[in-house]
Amino acid sequence: MSISDATQCATDLRRHMWMAGVETELRRLIWQIAITGKYISAKIHEANRKFAGFRNIFGEEQLALDRTADEILKAQLQFSGFVREYASEEQDSVIVIGKGDEQYFITADPLDGSSLVDTNLSIGTIIGIHSSPVLNEGRKTLVAAMYITYGPLITMVYSAGKGSHEFVLNREGEYVLAQENIVMDDRGSIYSLGGLRKEWLPEHLAYVEFLESSGYKLRYSGGFVPDINQILIKKGGIFSYPALKKSPSGKLRLIFELQPMAYILEQAGGMATDGSRDILDIKATDLDHRSPVYIGSRFEIQKAREFLKA
Ligand code: AHG
Ligand code: MN
Ligand code: MN
């Protein structure tokens, strides 16, 4: 379905979730977060214009975009009436932003890949929506997850436990359905690898050599959101930020980055592991809990487990 066709049918996000039987408050919360992506995107473009030589002549402290995105998101959620606690990569602790009786607990990576802003590469926002406090196993607490990709188009992928679906923000500022119930193939043909090669452990290197001898093509931008989005939309492949010699837990954060993406990819028939356990079965011990990750289509994940067990 081309974007213009999608615009014509204008199956907007709210209607899609209503037809999918998503719970009312959760529908409103997902929609509210999706709309917040427009404000964050505007800030990215504003900052980019500043990067483009029009430095802020008033010498104001140009808030790092990460913190700006976090403030925008927190403010939107604070008054939504649906969110009890807000945990963000930009905050030191979980913040109680509700009155104490709200249904949902949010994890946010408000801006992932912000170091890429000045290169004009795509970056994103990653959100986990939980029904109970977030320091737990994702499989027990997550009820929805979503990410927004700020690229040539602004796209949003969400799952509320009934498949994973992609929307595109149109000229009128409405999210229109691009594809629903995305189902990944059993295997793909791209691999996306973080960390320095000289830092990789032998079993990871053996796995990578298997992928390379099988003809996989390298696709790595350094932005977790577009790197994962590519694997989902191409319906196959593998992303890994592995355990490294100097950092056995890898780099990526379990609750802010890995759990939401694992939830979305599992809903699309994919898998996500730390090399032995499912990402969603790992109990988050603290906000900064990091984990190695292998996430993508089934064949590549099962192969990763074999190599890492060896
Ligand atoms: P963030 O900008 O939220 O800190 O995340 C950056 C992460 C993630 O986007 C990406 O996969 C990873 O950093 C890239 O790390 P390297 O620069 O080590 O490749
Ligand atoms: Mn991040
Ligand atoms: Mn971030």
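So, how was this worked out
- Residues numbered from 1 in each chain as written.
- Chains lettered and ligands numbered in written order.
- Predicted model: local features only at pLDDT ≥ 70, side-chain atom pairs only at ≥ 80, totals over all residues.
- Heavy atoms only, no water.
- Helix = DSSP H or I, 4+ residues; strand = E, 2+ residues; numbered from the N terminus.
- Rg over C-alpha atoms; globule rule 2.2 N^0.38 Å.
- Buried < 20%, exposed > 50% of the residue type's maximum accessible area, 1.4 Å probe, protein only.
- Areas by Shrake-Rupley, 256 points an atom, 1.4 Å probe, with all protein chains shown as cover.
- Lys, Arg positive; Asp, Glu negative; His and termini not counted.
- Charge placed at Lys NZ, Arg CZ, Asp CG, Glu CD.
- Donors = N, O, S within 2.8 Å, 3.2 Å for Na, K, Ca; no water.
- Contact = heavy atoms within 4.5 Å.
- Salt bridge = Lys/Arg side-chain N within 4 Å of Asp/Glu carboxyl O.
- Polar contact = N/O pair within 3.5 Å; in protein donor to acceptor, adjacent residues only side chain to side chain.
- Core = buried A, V, L, I, M, F, W, Y, C linked by side-chain atoms within 4.5 Å.
- Domains from an automatic or database assignment.
- Buried area = accessible area lost by both parts, 1.4 Å probe.
- Pairing = 2+ DSSP bridges.
- Axes fitted to C-alpha atoms, helices over the stretch in contact; angles between N-to-C directions.
- Parallel < 35°, antiparallel > 145°, perpendicular 65-115°, else oblique.
- Left-handed = near helix turned anticlockwise from the far one by under 90°.
- Nonpolar A, V, L, I, M, F, W, Y, C, P; charged D, E, K, R; others polar.

1. Remarks on the overall build of the protein chain
What the protein chain contains, in helices and strands, is nine helices and 13 strands. Taking 310 residues into account, the globule formula puts the C-alpha radius of gyration at 19 Å, and the protein chain, at 19 Å, falls close to it. When its C-alpha atoms are laid out on the principal axes, the protein chain stretches across 50 × 50 × 45 Å. Counting across all 310 residues of the protein chain, residues that qualify as buried make up 54%. Surface accessibility of the protein chain: about 13600 Å² in total, with carbon and sulfur atoms responsible for 52%. Between the averaged position of the 35 positive side-chain charges in the protein chain and that of its 40 negative side-chain charges there is a distance of 2 Å.

2. Structural notes on the coordination of the manganese ion (ligand 2)
Donor atoms from the polypeptide that coordinate the manganese ion (ligand 2) comprise Asp109 (OD), Asp112 (OD) and Glu257 (OE), at 1.9 to 2.1 Å from the metal. Along the chain, the residues that donate to the manganese ion (ligand 2) are spaced as D-x2-D-x144-E. A separation of 3.6 Å is found between the manganese ion (ligand 2) and the manganese ion (ligand 3), both of which receive a donor from Asp109. Taken as a pair, Asp112 in strand E3 (residues 104-112) and Glu257 in helix H8 (residues 254-267) lie far apart in primary sequence, 145 residues in all. In terms of burial, Asp112 and Glu257 fall into one category: buried.

3. A closer look at the coordination of the manganese ion (ligand 3)
Of the protein atoms, only Glu89 (OE), Asp109 (OD) and Leu111 (O) coordinate the manganese ion (ligand 3), at distances of 2.1 to 2.4 Å. Mapped onto the polypeptide sequence, the residues donating to the manganese ion (ligand 3) form the spacing pattern E-x19-D-x1-L.

4. Digging into the side chain of Thr141
Mapped onto the elements, Thr141 comes out in helix H5 (residues 138-141). When near neighbours in sequence (up to four residues on either side) are disregarded, Thr141 contacts Ile129, His130, Ser131, Ser132, Pro133 and Asn136.

5. Remarks on the side chain of Glu102
Tracing the backbone through its elements, the reader meets Glu102 in the loop between strand E2 (95-96) and E3. For the buried residue Glu102, which engages in no salt bridge, the nearest side chain bearing the opposite charge is Lys99, 4.2 Å off. Within the structure, Glu102 has its side chain in polar contact with the backbone nitrogen of Lys99 (distance 2.6 Å). When sequence neighbours within four positions are dropped, the list of residues in contact with Glu102 reads Gly81, Phe82, Val83 and Arg84.

6. Quick notes on the nonpolar core
One finds Phe224, Leu232, Phe239, Met261, Ile279, Val293 and Ile295 to be the most contacted residues of the largest nonpolar core, which totals 52 residues. In terms of residues, this core owes the most to one element, H8, which gives nine residues. Of the residues that make up this core, three or more belong to each of domain 1 (3-179) and domain 2 (190-309). If near-sequence neighbours (up to four positions away) are discounted, Leu232 is found in contact with Tyr147, Val157, Ile182, Met184, Ile264, Leu265 and Ala268. Membership of the second largest hydrophobic core comes to 42 residues, among which are Leu65, Tyr104, Ile129 and Met146.

7. Points about the domain arrangement of the protein chain
Interfaces are often sized by the amount of accessible area the parts lose when they come together. One can read the domain layout of the protein chain as domain 1 (3-179) and domain 2 (190-309). Here the C-alpha centroids of domain 1 and domain 2 sit 23 Å apart. Each partner contributes residues to the interface: domain 1 has 43 residues there, and domain 2 has 31 residues. Contact between domain 1 and domain 2 buries roughly 2800 Å² in total, counting both sides, with carbon and sulfur atoms accounting for 61%. Ranking the residues of domain 1 by area buried against domain 2 places Leu135, Arg139 and Tyr147 at the top, with a combined share of 24%.

8. Remarks on the environment of Tyr147
The residue Tyr147 is located in strand E5 (residues 142-150) in this model. Along the primary structure Tyr147 and Ile126 are separated by 21 residues, whereas in three dimensions their C-alpha atoms are 4.4 Å apart. Setting aside chain neighbours within four positions, we find Tyr147 in contact with Thr125, Ile126, Thr155, Met156, Val157, Val225, Asn229, Leu232, Met261 and Ile264. A polar contact is formed between the side chain of Tyr147 and the side chain of Asn229, at a distance of 2.6 Å.

9. Quick look at the sheet that holds strand E1 (residues 83-88)
If you trace the eight strands from one edge of the open sheet to the other, you get E2-E1-E3-E4-E5-E6-E7-E8, paired in mixed fashion. Because the sheet does not close on itself, it has two edges, and the strands there are E2 and strand E8 (175-179). Its contacts with the sheet put H8 on E1, E3, strand E4 (123-130), E5, strand E6 (154-159) and strand E7 (164-169), and the angle it makes with E5 is roughly 100 degrees.

10. Points about the sheet that holds strand E12 (residues 271-273)
Strand order in the open sheet formed by five strands is E10-E9-E11-E13-E12, with mixed pairing between adjacent strands. The open sheet has two free edges, formed respectively by strand E10 (217-218) and E12, since each of these has just one partner strand. One ladder, built from three bridges, connects E12 with strand E13 (residues 293-296); its direction is antiparallel. The residue bridging Ala272 from the neighbouring strand is Ile295, located in E13. Across the face of the sheet, H8 comes into contact with E12 and E13 while running at roughly 30 degrees to E13.

11. Quick word on the packing of helix H7 (residues 224-233) against H8
Packing of H7 against H8 brings their axes to within 12 Å, and their N-to-C directions diverge by 15 degrees. Comparing the axis directions of H7 and H8 gives the class roughly parallel. Once H7 is placed against H8, the crossing between them reads as right-handed. Across the interface between the two elements, Phe224, Val225, Ile228 and Leu232 of H7 pack against Glu257, Leu258, Met261, Ile264 and Leu265 of H8. Partitioned by chemical class, the residues of the contact of H7 with H8 number eight nonpolar, no polar and one charged.

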